[in-house]
Amino acid sequence: MRHLAQGVDRFQREAFPARAGLFAHLATTHQPGTLFIGCSDARVVPELITQTDPGELFVIRTAGNLVPAHTPGADGVAASIEYAVAVLGVRDVVVCGHSACGAMTALAEGHDLGGAPAIAGWLRHADAALARTRATGDGHGVAALIRENVAAQLANLATHPSVARALAEGSVRLHGWVFDIPTGTVEELTADARPALAA
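This report concerns the structure included in the present document. (Residues numbered from 1 in each chain as written. Predicted model: local features only at pLDDT ≥ 70, side-chain atom pairs only at ≥ 80, totals over all residues. Heavy atoms only, no water.)

### Some details on the packing of helix α4 (residues 76-87) against helix α9 (residues 161-169)
Look at α4 against α9: their axes get within 8 Å of each other, and the N-to-C directions meet at 30 degrees. With respect to α9, the axis of α4 lies roughly parallel. Crossing of α4 against α9: the hand is left-handed. Here α4 contributes Ile 81, Glu 82, Val 85 and Ala 86 to the contact with α9, which in turn contributes Ser 162, Val 163 and Ala 166. Residues that form the contact of α4 with α9 fall into these classes: five nonpolar, one polar and one charged. (Axes fitted to C-alpha atoms, helices over the stretch in contact; angles between N-to-C directions. Helix = DSSP H or I, 4+ residues; strand = E, 2+ residues; numbered from the N terminus. Parallel < 35°, antiparallel > 145°, perpendicular 65-115°, else oblique. Left-handed = near helix turned anticlockwise from the far one by under 90°. Contact = heavy atoms within 4.5 Å. Nonpolar A, V, L, I, M, F, W, Y, C, P; charged D, E, K, R; others polar.)

Below, the structure written as structure tokens:
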């Protein structure tokens, strides 16, 4: 914890004064242009990857960058999506998977999650991606599942009423990305979860 407290101190002494004007503006304005849905993995930092300033991204992070399909009832992910799209009016939504994802590795390799029931239950939101990866017989294992999962989560995202309305109105665009940790590259995927450059 000490290094976190030291980081806060450095922020207050060095970083904040250099951006005091930006933070003064942000104190009364909240208009992010993009909803970024990424993994909770500590190695995947949306603002660092995209080199964006505070206030530019509305960020949701979940294990495996999973987006449950819309269902009635209270749901923190659904509420955050609705707020970003219907209230803040973001113009773009990115679902970003990443290499070496622990959630996707557990599914692709069939890890026993019997001792982690909450994780096992949460990962069911990737069932469609897992089924599609197995059906295609893709030999790339985890890498293939990571891509298929991004496509599946984009499909789940489109089931949310606020997103469906914005898509119908043409006021929002959906994007699928995969971040490669060792190279720092970001690959944009097409609708069928294959690399855009290979299309």
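### With respect to α4
Its 12 residues give α4 an end-to-end C-alpha distance of 15 Å, which sits within 8% of 16 Å, the value for a rise of 1.5 Å per residue. Of the positions making up α4, those classed as buried are Val 77, Ala 78, Ile 81, Ala 84 and Val 85. Angularly, the buried residues of α4 cover 135 degrees about the axis, an arc narrow enough to put them on a single face. Facing away from the buried side of α4 by more than 90 degrees, the exposed set consists of Gly 76 and Val 87. Next to the buried residues of α4 lie β1 (34-39), β2 (57-62), β3 (92-98), α6 (117-122), α8 (142-157) and α9. In this structure Asp 75 caps α4, since a side-chain oxygen of it lies 2.8 Å from the backbone nitrogen of Val 77. Directly after α4, the chain includes Gly 89, whose backbone phi takes a positive value near 70 degrees. (Expected span 1.5 Å × (residues − 1). Buried < 20%, exposed > 50% of the residue type's maximum accessible area, 1.4 Å probe, protein only. Arc of directions from axis to C-beta. Polar contact = N/O pair within 3.5 Å; in protein donor to acceptor, adjacent residues only side chain to side chain.)

### Looking at helix α1 (residues 2-18)
The terminal C-alpha atoms of α1, which comprises 17 residues, lie 24 Å apart, in line with the 24 Å expected from a rise of 1.5 Å per residue. Roughly 45 degrees is the biggest bend found in α1, and it falls at Phe 11. (Bend = angle between axes of the 7 residues up to and from the residue.)

### So, the pattern of salt bridges
Under the definition given, this model contains seven salt bridges. Here Asp 53 ties to Arg 19 by a salt bridge, and the two come within 3.2 Å at their closest N and O atoms. Of this pair, Asp 53 sits in the loop between α3 (46-50) and β2 while Arg 19 sits in the loop between α1 and α2 (20-26), and the two are 34 residues apart along the sequence. Exposure remark for Asp 53: the relative accessible area of 31% places this residue in the partly exposed category. (Salt bridge = Lys/Arg side-chain N within 4 Å of Asp/Glu carboxyl O.)

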